[in-house]
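The residues making up each chain are set out below.
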Amino acid sequence: WTRPARHTAGARVRGSLAMAATDEAYQNAVAFLQKTNPDGESVYEQLASVVGKILATKPTDAVDILETAIMAKKTKFTPPAPPAVHVTPRNLAVAVSTKELFSTPRPAVNLETGEPEQPTPPNDYETETVLA
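Because the structure is a prediction, the values reported are computed rather than measured.

S.K.: Describe the overall build of the protein chain, listing the residues and the values that go with them.
M.R.: Tallying secondary structure elements over the protein chain gives four helices and zero strands in all. Written out in order from the N terminus, the α and β elements of the protein chain read α-α-α-α. For the protein chain, the proportion of its 132 residues judged to be buried stands at 4%. Accessible surface for the protein chain amounts to roughly 12700 Å². Of this, 62% is attributable to carbon and sulfur atoms.

And the structure:
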C-alpha cells in the first residue's frame with residue numbers, strides 16, 4: 001500500500017517553504033555583508049576579493065593567505081594628514097622654483113611661427129667643456 005499523492009505534494013510545499021525561508025535568510029545575510037563603512041568598503045567585497053584570489057591562484061597555503069588578508073586589514077596603514085603650511089611669498093617662491101627644477105623642461109618655441117622647435121639630437125662625439 002502506498003500513500004496518496006496529496007501527502008507528497010504537501011511535502012513538496014513544505015520543502016519549497018523551507019527553501020524560500022533559506023533563500024530569504026541568504027538574501028538578508030548578503031545584504032548585511034554588503035553594507036559599507038564610511039570609507040565605502042564592505043565585508044562582502046573584501047571576502048569576494050580574498051576568495052577570488054585564492055580560487056585564481058589555488059595555493060597550497062590558502063588558510064595562511066586568508067589569515068594574512070585579515071591581518072593586513074586590521075593593520076591597514078592610514079597616513080596622517082599633512083601638516084598645515086603657512087603660505088608666504090618666500091614659501092611660494094621656493095615651491096615654484098623646486099617644481100621647475102624637477103619638472104620636464106618646455107621645448108623652445110620658434111618666435112616666427114609659435115611652434116615648438118624640435119631639440120637638436122646630442123652629438124656623441126662632442127663633450128661638454130667642464131673646465132671652462
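After that view, the rundown keeps rolling.
S.K.: Requested: an account of a nonpolar patch on the surface, with residues and values cited.
M.R.: A cluster of nonpolar side chains, contributed by Val87, Leu92 and Val96, occupies part of the molecular surface with about 270 Å² of accessible area. Among the structural elements, Leu92 can be located in helix α4 (residues 89-102).

S.K.: Let's hear about the environment of Pro59: which residues, and what values?
M.R.: The topology assignment puts Pro59 in the loop between α2 (43-57) and α3 (62-74). Residue class for Pro59 comes out partly exposed when judged on its relative accessible area of 22%. Discounting chain neighbours no more than four positions away, the residues touching Pro59 are Ile54 and Ile65.

Criteria and thresholds
- Residues numbered from 1 in each chain as written.
- Predicted model: local features only at pLDDT ≥ 70, side-chain atom pairs only at ≥ 80, totals over all residues.
- Heavy atoms only, no water.
- Helix = DSSP H or I, 4+ residues; strand = E, 2+ residues; numbered from the N terminus.
- Buried < 20%, exposed > 50% of the residue type's maximum accessible area, 1.4 Å probe, protein only.
- Areas by Shrake-Rupley, 256 points an atom, 1.4 Å probe, with all protein chains shown as cover.
- Patch = residues over 30% accessible without salt bridge, like charges linked within 9 Å, V, L, I, M, F, W, Y side chains within 5 Å.
- Salt bridge = Lys/Arg side-chain N within 4 Å of Asp/Glu carboxyl O.
- Contact = heavy atoms within 4.5 Å.

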